[in-house]
Structure formats: C-alpha cells, structure tokens
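# Observations on chain architecture
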Amino acid sequence: MRVLKMTFLIVVLSAVTYAQDKPVVSATPPNPTRCSGYVTTGINSQYYGTIANATFFRGYVIPNEVGSKCSRGPWHANVGVWVQKGARVKEVGHEFSDEADVFAGVGRRMQKIDIKVRGQYLNVVGINVANFGGDISTKVTLNEKHTLNISGNYDYYFPTKKGGPTRGHFTFGNIEHTHRWLPRVTVRQKFRVGRDWNGAFG
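Residues numbered from 1 in each chain as written. Predicted model: local features only at pLDDT ≥ 70, side-chain atom pairs only at ≥ 80, totals over all residues. Heavy atoms only, no water.

## Side note on the overall build of the protein
- Counting secondary structure elements, the protein contains one helix and ten strands.
- Counting from the amino terminus, the protein carries its helices and strands in the arrangement α-β-β-β-β-β-β-β-β-β-β.
- The proportion of buried residues among the 202 residues of the protein is 22%.
- Excluding contacts between residues fewer than 6 apart, the proportion of contacts in the protein whose partners are at least 24 apart in sequence is 42%.
- Carbon and sulfur atoms provide 62% of the accessible area of the protein, an area that totals close to 14,800 Å². (Helix = DSSP H or I, 4+ residues; strand = E, 2+ residues; numbered from the N terminus. Buried < 20%, exposed > 50% of the residue type's maximum accessible area, 1.4 Å probe, protein only. Contact = heavy atoms within 4.5 Å. Areas by Shrake-Rupley, 256 points an atom, 1.4 Å probe, with all protein chains shown as cover.)

Written as structure tokens, this is what we have:
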C-alpha cells in the first residue's frame, strides 16, 4: 500500500515539473488583425449645382452603404459599395440622384496624424468616373463628450468612357464635430469646403 502511494506521488510531481519547464506561448499575437462589417442607410437632403446657379439636382436621396474595415497595429484598410437612390422621381434633375460607387483604401496612423490613400469608381447617370486620392487627418479631443476631426482631401478624377467629363482635381477641407450625447447616441456636424479646379463638375 505504501508503494502505491509513493508511486502516485512521484508521477504527479513529474507531470507538474514537466509542465513548468515548457515555454509559455501567448495565444494572442501582439498586433492582432481586427475586422468588422457595417451596413448604413438613411435619408438626406441634397443639392447639386454650380456657382452660376445652374441646378442639376435638388431633393431627397436615400444613401445605402455596405462595407468592411480591418486594422492591424497602425495600419487600417476598408472596402465597400455605396448605392444612392432618389426618394422622389419628380424632383428637379432626379436622374442625377441615382449613384453607385465602389471604393477601397489603406492608411497608416503616425502619432497624431492619419494618412490614407484610396480609389473609387463612380457611376452617375451613365457617367463613369474613376478617382484616386489621399487624405490627411487628425483628431482633437476637447473633453470626454466632444471631439473634432480636422482633415484635408485631394482627388484626381478621370472618365472611363468616351464623352465623360474632363480630367481634373478636387481639394477639400473638413471639420467634423462629434458629440457623444448619450452612451448609445452620437450627434455629428460636418462643415466642408472644396474646389473643383478644372470645373468638370461645376
């Protein structure tokens, strides 16, 4: 009986010693890749026009977006599809309210600055346009409920079919204020000013 008890004790101690000698391997890599999908929809009041007061479209549209975002360390990427339909066909220039876009981009955050390059393919009333551009942005935290996102955008666009708009350049400046009103409710206001340097889009 004593021999059996001693043998059992030796086996358990050996197993514990062996387990402690094994190298510890972390199950989670230091910079795991995180991905998420999203679907958005809504209704917006929209106006397309020119400085010369020529109106292409004025009315309500229903934008829908489906996409995916991934990040790993300072790197991030996104890809998605944007489809927009006019809410009422009797609006002025209602044909300009329908739009379908495909987009993708990749960026990197460096300290407080985020830099991103992206591409997009747009189809509006049979006018197919591709554009490539870049964004630079920074976020300013005012307090626990209010933040500002300040950004600048550059786009180079060109037609993909004959008879489309000319090649050109867009530049934009943006300020977006985010207010975390309630734990699950966020309110955003965005101010944007830009210029179409070649006048292809008015």
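That was the structure; now back to the text.
## What to know about the confidence of the model for the protein
- Summary statistics for the protein give a mean pLDDT of 78 and a share of 72% for residues scoring 70 or more.
- Confidence, read as mean pLDDT per element, is least for helix 1 (residues 2–21) in the protein (37) and greatest for strand 8 (residues 146–159) (94).
- This model gives residues 1–22 a pLDDT under 50, and the stretch forms zero contacts once residues within four places in sequence are excluded. (pLDDT = per-residue confidence, 0-100.)

## Looking at the side chain of S137
- Relative to the elements of secondary structure, S137 occurs in strand 7 (residues 127–141).
- Among the residues examined, S137 registers a relative accessible area of 17% and is labelled buried.
- Those residues in contact with S137, other than ones at most four positions away along the chain, are K112, I113, D114, N149, I150 and S151.

## Considerations on the state of the cysteines
- Across all of its chains, the model carries one disulfide by this definition.
- The disulfide partner of C35 is C70, and the S-S distance across this bridge is 2.0 Å. Its torsion about the S-S bond being 115°, the disulfide of C35 and C70 is classed as right-handed. Of this pair, C35 sits in strand 1 (residues 34–41) while C70 sits in strand 3 (residues 55–72), and the two are 35 residues apart along the sequence. (Disulfide = S-S within 2.5 Å.)

## Observations concerning a positive patch on the surface
- A surface patch of positive charge is lined by K69, R109, K139, R180 and R188.
- Relative accessible area serves as the criterion here: at 55%, R188 is assigned to the exposed category. (Patch = residues over 30% accessible without salt bridge, like charges linked within 9 Å, V, L, I, M, F, W, Y side chains within 5 Å. Salt bridge = Lys/Arg side-chain N within 4 Å of Asp/Glu carboxyl O. Lys, Arg positive; Asp, Glu negative; His and termini not counted. Charge placed at Lys NZ, Arg CZ, Asp CG, Glu CD.)

## Some words on the environment of P30
- Within the element layout of this structure, P30 appears in the loop between helix 1 and strand 1.
- Using a relative accessible area of 78% as the deciding quantity, one classes P30 as exposed.
- As for P30 and R72, which are separated by 42 residues in sequence, their C-alpha atoms are 9.7 Å apart.

## Let's talk about unusual backbone geometry
- One non-glycine residue with positive phi stands out, namely Q111, at about 55°.
- The residue Q111 is located in the loop between strand 5 (99–110) and strand 6 (113–124) in this model.

## Some thoughts on the side chain of K116
- As for its position among the elements, K116 is in strand 6.
- Buried charge K116 goes without a salt bridge, the closest partner of opposite sign being D135 at 5.1 Å.
- At 3.0 Å, the side chain of K116 forms a polar contact with the side chain of N78. (Polar contact = N/O pair within 3.5 Å; in protein donor to acceptor, adjacent residues only side chain to side chain.)

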